[in-house]
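Here are the chains, one letter per residue:
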Amino acid sequence: MTEFERVLVNSFNAYIEEKGIRAISYRLKQHRFTSQFLDVLVDSLDPDLYLGIECKSISVDKGASALYFSQHFTVDKKGVHQIDRISDYLNRSGRRGFLAVELRLGMGHGREAYMVPWEDLEKNYHSESLKLTIQEIRNFPEIKRDGKDYIINPKEWGRKNSWEKDIKLKLAENLGETDD
């Protein structure tokens, strides 16, 4: 387990305990020859907390300018890209998906982390874009820090599931409202 994943799991569990929510965050143990669906899972009856999170960490101080779909993600023995595997799992499980990206800025500069909604990542990947630049990553909601821990606020990360948008659109149409 990477430090980023461990801190994220601990931060989620601290948030859950502080709010008195019936939920749990954990990381499945990864075995040598089996693929892992996601890095961090959060189980809860609250749809804002029924999450699947893939974590990536890139070193900006060592020259990384983007998160590349070919370099930072894997392809399995059958030729299936990690983004497609995770998308399938999220669709089947009904979890909200995110890519948590940690930007390591170097000694004395700390770290930044951002939550990329999975459907945005998937859309970017299928548009045949090769990467998410550092600036594009910084346009997504930041996971703010409190010392070494992260401040968890799932509502801040937006509810962007397409089925939720469809429901809101239909409700608005039924009420005679528009999205304008």
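Quick note: structure is the one above.
Described below are features of the structure shown in this document. Every value quoted in this text rests on a predicted model; they were computed, and no experiment measured them.

What to know about unusual backbone geometry
Then step 1. Even without being a glycine, Glu-128 presents a positive backbone phi close to 70°.
Then step 2. Along the polypeptide, Glu-128 turns up in the loop between α3 (118–126) and β7 (131–133).
Then step 3. Glu-128 sits in the exposed class, given a relative accessible area of 69%.

Observations concerning the packing of aromatic side chains
Then step 1. If you walk through the whole model with that rule in mind, you get four aromatic pairs.
Then step 2. Here the aromatic rings of Phe-69 and Phe-73 are separated by 6.0 Å at their centres, their planes lie at 50°, and the arrangement is tilted. Phe-73 matches Phe-69 in its accessibility class, with the two residues each being buried.
Then step 3. Centroid distance Phe-69 to Tyr-125: 5.6 Å. Interplanar angle 85°. Geometry classified as edge-to-face. Here Tyr-125 lies in helix α3 and Phe-69 lies in the loop between β4 (66–68) and α2 (82–93), a separation of 56 residues in the sequence. You'll find Phe-69 and Tyr-125 in the same group, each marked buried.
Then step 4. One aromatic cluster is present, built from ring pairs that chain together Phe-69, Phe-73 and Tyr-125.
Then step 5. One Lys or Arg, Lys-56, reaches over the ring of Phe-73 and ends 4.6 Å from the middle of that ring.
Then step 6. Directly above the aromatic system of Tyr-150 lies the positively charged group of Arg-145, at a separation of 4.6 Å from the ring centroid.

Some points on α2
Then step 1. With 12 residues, α2 extends 16 Å from end C-alpha to end C-alpha; this agrees with the ideal 16 Å at 1.5 Å per step.
Then step 2. Its buried side turned inward, α2 meets β2 (40–44), β3 (51–59), β5 (96–104) and α3.
Then step 3. Gly-94 sits one or two positions beyond α2 and adopts a positive phi of about 80°.

Calculation criteria
Along each chain, residues carry numbers from 1 onward, in the same order as the chain's sequence is written. Totals for whole chains, interfaces and linings use every residue, but because this is a predicted model, local features are given only for residues with pLDDT of at least 70 and side-chain atom pairs only at 80 or more, for both listing and counting. Only hydrogens and water are set aside; all other atoms, that is, all heavy atoms of the structure, feed into the side-chain values. Only DSSP runs of H or I reaching four residues or more are called helices, and only runs of E reaching two or more are called strands; each is numbered from the N terminus. Using a 1.4 Å probe on the protein chains alone, a residue whose accessible area is under 20% of its type maximum counts as buried, one over 50% counts as exposed, and one in between counts as partly exposed. Pairs were defined over the aromatic rings of Phe, Tyr and Trp, the Trp ring being its six-membered one, requiring ring centres within 6.5 Å. Orientation was assigned from the angle between planes: stacked under 30 degrees, edge-to-face over 60, tilted for the rest. Note on criteria: charge over ring means Lys NZ or Arg CZ within 6 Å of the ring centre, with the direction from the centre no more than 35 degrees off the ring normal. Expected helix span is taken as 1.5 Å per residue step, with the number of steps being one fewer than the number of residues. Contacts: residue pairs with any heavy atoms within 4.5 Å of one another.

Function cannot be read off these values alone, since they describe shape.
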